[in-house]
Each structure stands twice: as C-alpha cells, then as structure tokens.
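Structural description and commentary
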Amino acid sequence: MTASLDRTFNNPHLFIEGWYWAITSKELPINQVKPVKLMGRDLAIYRGKDGIARAIDAYCPHMGAHLAEGKVEGDGIRCFFHNWKFDSCGNCVDIPGLDKALPVKNKTWLVAEKYGIIWLWTGEKSHQLLPFVPELENDECEAIISAYFTKNCHPNVVMINAIDAQHFNTVHNLPLKIVFAKQELNQNAITFSNTTRGGEDSWLIKIIRHLYQKQVTYTMCYWYGSTGTVTLGPDFLHFHIMFALRLIEGGKTEGRTLLITKKRRGIIGWLFNRIILLLTQIVGNYFAKGDTQVFQTIKFNLQTPTQEDKSILQFIQHVEKQQALSWGSWLRKEEEIGSREEGTSKKVKSNLAV
Ligand code: FES
Ligand SMILES: [Fe+2]
C-alpha cells in the first residue's frame, strides 16, 4: 500500500525538515560513539578528541557494518570490521593494506549542542535556528533534562495540547478563559500567547491577578512542528519548559522534557536556580499529568472545529507550509513522490513488456 503524502500534519510518513534532539550531551563523552535511530534513519553519533559531536550515516560503505561498533579516532571514525577510516566530513581516508584510500564517502549530518542536548539537522544544509525559548534568546541558560516519554500518537498531535484553549478548563480546571494571539517568528517557528486577564469570579484568579500587570503570561513557541517551549508564571518569575519530540515507527512519539532557566552567577544564583528548576518541574508535571491517558487512545480528527480551536487550525496551517521529509529516507516530500511515480511507471512498462 502506498502511503498518502498529501498532507504533512499528523502524517506518520512525514516530518518537517528541522533540528531534532538526538541524544543528551552527557550520553556522549569524548572519544565515544553511540548508535541513534532518528526518524527512521540509522546514525552513528560520536564525539571526537576535539570535543565536537558529529553524526554520520550508520552503515559503512564497504560492507555495511554499523559504524557505532567502531572506534573514534581524532575527529573521525574507524569501522570495526575492516578498519576503514572516515574523516569528519565522511570521506574515507584510510584503508589498511592500500596505499591510497578509495574515493568513497559516507553521508554526514549537521550537529549542534544546546540546553544539554545534541541536536541534528535532518536536511542538506541549514541556516535555520536551533529551537530556543524566545524570552531567553540572548541569555546564557541552564537546563535540566527531566523526562523521557513516549506517546501513542503523532508529535504534531501531542504539540497542539499546549494551545488547545478549551481543555485548560475541562482537563486542567483553569478558572480562566485562554485566548491566543499568534505570531510567526520565521518560517519554522510560531508563537501563541494568551491575551486574557481573567475576571473576579474565582478566588484563584483574585489571588493571581495581582501577580500580572496585564494578561496572564502563557506563551507557547513551536519549532518545526515537533518541539515546543512553554513560558508561564507571574510577571516577576517566568518558568520555561521545552518539549522536544520526534516521530517514531507507527506514527508515534518519543520525547524529552527540558526545564530551562537563565544562568545566574555565584552560589546564591546556583541555589536560586535549583529552586526555580524544581518549581518548573512541579508546574510541568501538573500539566503533563492531566492529559496522559488521552494520548494513548486518541485518533485525532478535528471534524467539528469551534472558535476555541482556532489556534489549532492556525498551527496545522503553519505545519503544512513547511518543508516535509519522508520518514526513513529523509527525501524531500516532492522527491519521494517523484521516486514513487517513477517506480510505478517502470512497473507499468515492465508489465506491458510481458
Ligand atoms: S564493513 Fe566497514 S570496513 Fe568493512
Ligand atoms: Fe494539557
């Protein structure tokens, strides 16, 4: 059966070309290599002697051994099986027993580190930004990676939970009507910010109103349709949580939760940050808990949108506008469609020949 590629949102065969979390920085010490499966593609991610993390396609172009079985050497990697060596650009630079290496190259991928995570760019080259918390764009940050989780539905569907205005009242019992305003930061990033302040009809609102000069701060920033940062809290103290998700087999999700705050100096700053990060975790857990079960059973199908689902529709549009890649091959959607059509026409021709 040929998978339908006509839409990108919630499509188990497509994901947006972008930066995705691969592993945590801590999991990759100097001179170590790790196997990583990312969006259906096998990779070997290693950290060279120079401390820089690099990513290369997993299978050796000689005979297909997984390069994560090999050894890091300088800023390159040597295959376990017949000891061919590949440099940081993936060029074969040494073959034991041969005076000159063969002109063979294995594909490498762009890698960067931020918030204690090794991120990988899934396209050819990138001038695009790594996901970040807009409010902390110019700050040095401290981050804690707090949880690894899986969900039984697509990352796009998990993501919309943060802008599903109505469910804040029905699931999380928030005594405040949330209304979002959207702003596109760039082609791959969009924010939704709450615009309401709340009435006097609940004791909680009466208390928290004093903590906000204008609207209650709640902003969600989406990156590549799969990573989101939430900013919330009173005017004098904002909490930041990042949910970095990626698409796994069968249209499901795996993800990491990151707690982020501005770096503060000195021992007092360090202590202060411990408390803030702990509070961030409590806030994050509260919101994560209420929804857990629905993501195990949902078959997302927004057939009857209401006014309160407007932000969700805007997010879907934003996803559709981005460059989609095919899960597994990482071909651009257009190339994937082209290669399938070519495959079909070849088949037709060979059938006619019979
Ligand atoms: S399979 Fe890698 S060197 Fe032979
Ligand atoms: Fe929720």
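Up top you'll find the structure we're talking about.
No experiment lies behind these values; they were computed from the predicted model shown.

Reading the values: the criteria
Residues numbered from 1 in each chain as written. Chains lettered and ligands numbered in written order. Predicted model: local features only at pLDDT ≥ 70, side-chain atom pairs only at ≥ 80, totals over all residues. Pairing = 2+ DSSP bridges. Helix = DSSP H or I, 4+ residues; strand = E, 2+ residues; numbered from the N terminus. Axes fitted to C-alpha atoms, helices over the stretch in contact; angles between N-to-C directions. Contact = placed C-beta atoms within 7 Å.

**A closer look at the sheet that holds strand β16 (residues 218-223)**
Read across the sheet, seven strands follow the order β13-β19-β18-β17-β16-β15-β14 without closing on themselves; strand pairing throughout is antiparallel. One side of each edge strand has no neighbouring strand; the edge strands of this open sheet are β13 (141-151) and β14 (180-186). Within this sheet the neighbouring strands show an average axis-to-axis angle of 20°, counted without direction. Here strand β15 (residues 189-194) pairs with β16 via five bridges, running antiparallel. What sits directly across from Ala189, in β16, is Trp223. Lying on the sheet, helix α4 (residues 266-291) is in contact with β13, β18 (239-248) and β19 (252-262); it crosses β19 at an angle near 145°.

**As for the sheet that holds strand β11 (residues 111-114)**
Taken in spatial order, the three strands of this open sheet run β2-β12-β11, and their pairing is antiparallel. The open sheet has two free edges, formed respectively by β2 (19-24) and β11, since each of these has just one partner strand. Here the average twist between neighbouring strands, direction ignored, is 35°. In the sheet, β2 pairs with strand β12 (residues 117-121) via five bridges, with the strands oriented antiparallel. Looking at the pairing, Trp21 lines up with Trp119 of β12.

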